[in-house]
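What follows is each chain in one-letter form.
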Number of protein chains: 2
Amino acid sequence: MPKPSIELTESEWTIIKAVWGHEPCAAPAIQEILHKQTAWTYSTVRTLMDRMVVKGLLTAEKVRNLTLYRSVVTREQAQRGELFYALKHAFNGALTPMVQCLLDTHDLSAGDLETLESIIKARKKSARK
Amino acid sequence: MPKPSIELTESEWTIIKAVWGHEPCAAPAIQEILHKQTAWTYSTVRTLMDRMVVKGLLTAEKVRNLTLYRSVVTREQAQRGELFYALKHAFNGALTPMVQCLLDTHDLSAGDLETLESIIKARKKSARK
DNA sequence: TTGACATCTCTACAAATGTCAAGCAAAGTC
DNA sequence: GACTTTGCTTGACATTTGTAGAGATGTCAA
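Residues numbered from 1 in each chain as written. Chains lettered and ligands numbered in written order. Predicted model: local features only at pLDDT ≥ 70, side-chain atom pairs only at ≥ 80, totals over all residues. Heavy atoms only, no water.

### Description of the overall build of chain A
Then, number 1: Check the secondary structure of chain A and you find six helices and three strands.
Then, number 2: Starting at the N terminus, the α and β elements of chain A follow one another as α-β-α-α-β-β-α-α-α.
Then, number 3: Radius of gyration (C-alpha) of chain A: 19 Å, far over the 14 Å computed for a compact globule of 129 residues.
Then, number 4: Dimensions of chain A, computed from C-alpha atoms along their principal axes, come out at roughly 55 × 35 × 25 Å.
Then, number 5: Here chain A holds 129 residues, and 40% of them are scored as buried.
Then, number 6: Of all intrachain contacts in chain A linking residues separated by at least 6 positions in sequence, the fraction that spans at least 24 positions is 47%.
Then, number 7: For chain A, the computed accessible surface area is about 7,300 Å², with 53% contributed by carbon and sulfur atoms. (Helix = DSSP H or I, 4+ residues; strand = E, 2+ residues; numbered from the N terminus. Rg over C-alpha atoms; globule rule 2.2 N^0.38 Å. Buried < 20%, exposed > 50% of the residue type's maximum accessible area, 1.4 Å probe, protein only. Contact = heavy atoms within 4.5 Å. Areas by Shrake-Rupley, 256 points an atom, 1.4 Å probe, with all protein chains shown as cover.)

### Observations concerning the protein's contact with DNA strand D
Then, number 1: In the neighbourhood of DNA strand D, 18 residues make up the surrounding shell, with Y42 and K62 of chain A together with S43, T47 and R51 of chain B lying closest.
Then, number 2: Atoms of DNA strand D within 4 Å of the protein belong to the sugar or the phosphate in 57% of instances, the rest to bases.
Then, number 3: Residue T47 of chain B places a side-chain N or O atom 2.8 Å away from a base nitrogen belonging to DNA strand D.
Then, number 4: Contributions of two or more residues to the surface near DNA strand D are made by α3 (42–54) and β3 (66–71) of chain A together with α3 (42–54) of chain B.
Then, number 5: Element by element, the count of residues in the surface near DNA strand D is highest for α3 of chain B, at four residues. (Near = heavy atom within 4 Å. Polar contact = N/O pair within 3.5 Å; in protein donor to acceptor, adjacent residues only side chain to side chain.)

### Side note on the packing of aromatic side chains
All names here are of chain A.
Then, number 1: By the definition in use, this model includes two aromatic pairs over all chains.
Then, number 2: Seen in terms of ring centroids, W13 and W20 are 6.1 Å apart; in terms of plane orientation they differ by 70 degrees. Their pairing is edge-to-face. The same class applies to W13 as to W20, namely buried. (Phe/Tyr/Trp six-rings, centres within 6.5 Å; stacked < 30°, edge-to-face > 60°.)

### Considerations on the relation of the copies chain B and chain A
Then, number 1: Mapping chain B onto chain A is achieved by rotating through 180 degrees and translating by 0.0 Å along the same axis, at an RMSD of 0.1 Å. The operation mapping one copy onto its partner corresponds to a two-fold rotation axis. Minimal C-alpha distance to the rotation axis in chain B is attained by E117 of chain B, lying at 3.2 Å.
Then, number 2: Comparing interface residues between copies, 100% of those in chain B also sit at the interface in chain A, which points to an isologous, same-surface contact. (Least-squares fit on C-alpha atoms with pLDDT ≥ 70 in both.)

### Here's the deal with the domain arrangement of chain A
Residue and element names in this part refer to chain A.
Then, number 1: Under the domain assignment, chain A is made up of domain 1 (1–93) and domain 2 (94–129).
Then, number 2: Here the C-alpha centre of domain 2 lies 29 Å away from the C-alpha centre of domain 1.
Then, number 3: Contacts between the two partners involve six residues from domain 1 and, on the opposite side, five residues from domain 2.
Then, number 4: Roughly 430 Å² of surface becomes buried between domain 1 and domain 2 when both sides are summed, with 77% attributable to carbon and sulfur atoms.
Then, number 5: Of all residues in domain 1, L87, F91 and G93 give up the largest surface area on contact with domain 2, accounting jointly for 86% of the area buried on that side.
Then, number 6: Joining domain 1 to domain 2, the criterion identifies zero salt bridges.
Then, number 7: Tallied by class, residues from the side of domain 1 that touches domain 2 come to four nonpolar, two polar and no charged. (Domains from an automatic or database assignment. Buried area = accessible area lost by both parts, 1.4 Å probe. Salt bridge = Lys/Arg side-chain N within 4 Å of Asp/Glu carboxyl O. Nonpolar A, V, L, I, M, F, W, Y, C, P; charged D, E, K, R; others polar.)

### Describing the protein's contact with DNA strand C
Then, number 1: Of all residues adjacent to DNA strand C, which total 17 residues, the nearest are T47 and R51 of chain A together with Y42, K62 and T67 of chain B.
Then, number 2: Within 4 Å of the protein, the contacting atoms of DNA strand C are 55% sugar and phosphate, with bases supplying the remainder.
Then, number 3: Here a phosphate oxygen of DNA strand C sits 3.0 Å away from a polar atom, N or O, in the side chain of W40 of chain A.
Then, number 4: Contact between DNA strand C and S43 of chain A: a base nitrogen at 2.8 Å from a side-chain N or O atom of the residue.
Then, number 5: The set of elements that each furnish at least two residues to the surface near DNA strand C consists of α3 of chain A together with α3 and β3 (66–71) of chain B.
Then, number 6: Looking at which element gives the most residues to the surface near DNA strand C, the answer is α3 of chain A, with four residues.
Then, number 7: Taken together, the residues of the surface near DNA strand C sort by class into four nonpolar, eight polar and five charged.

### What about the interface of chain B and chain A?
Then, number 1: Opposite the 41 residues of chain B that make contact, chain A presents 41 residues.
Then, number 2: A buried area of about 4,300 Å², summed over both sides, lies between chain B and chain A, and 70% of it is on carbon and sulfur atoms.
Then, number 3: Linking chain B with chain A are five salt bridges, by the criterion used here.
Then, number 4: Ionic pairing is found between K121 of chain A and E117 of chain B, a salt bridge with its closest N-O pair at 3.8 Å.
Then, number 5: At the boundary of chain B and chain A, one finds twelve residue pairs in polar contact (both at pLDDT 80 or more).

In structure tokens form, the structure reads like this:
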């Protein structure tokens, strides 16, 4: 069965995004990439990554003296998990209010609105058949 | 200044939803309301609520031997917080992909799509002027 | 005034999360 | 072969979150 809804902490998001962008990759590389953003030390990054392996979010493979990490969950899965969490808790599963809130909060450009509209149109079309 | 982005844990969501529905209310009442759902004991509910007071999510007021709690954040604020969190972490702040994901994951009825479309239309109109 | 209740307070404890330093081992370098 | 780098391993500690028992205290009815 597929993973039953994935939830990531803030730090985990930070790590996994870096991993997605550089897969397969070793901890020192990730540490360096994130250093600007986070100022985490190697130890911190390493601990985080190892814990993520235990949780099944990453895999680790030893190659010589290096440990290569890979993501187990895809960006899409993680996104869905996060979105689903918000949907479930904040909106009791109701989609339209969620979209409403989205639109209310951020002011979108006319272009954005166009895009959204066409996304919906497309969806309507594909649903029909 | 307004609260800088509110984030709630799962338990906090559970509590605050009950509070919103019964404000002002005492801990025993909330405990009872949630008992079916969560099987939490009075102590648990109480601890949770008191911690939420410390965090500024609720206020507590003593009346006789009763402590009445009230929400400090509105449902809308909390919803925005949650949504914003997802938007920021999972979608790097990009709104359209988020909506896309929403539509891809859940299959909406034709009616839902209609609703969404009209929400967007309305927004376009109000943005224009 | 004495129970019987309702409520509160205090304290505890385990697991998860956020951070990291120190020491160790393998590899490459002169 | 000694030295420097690079990466790894272990252990640690503070904070937050989840969960709750035990005992204190206030309230009210008989």
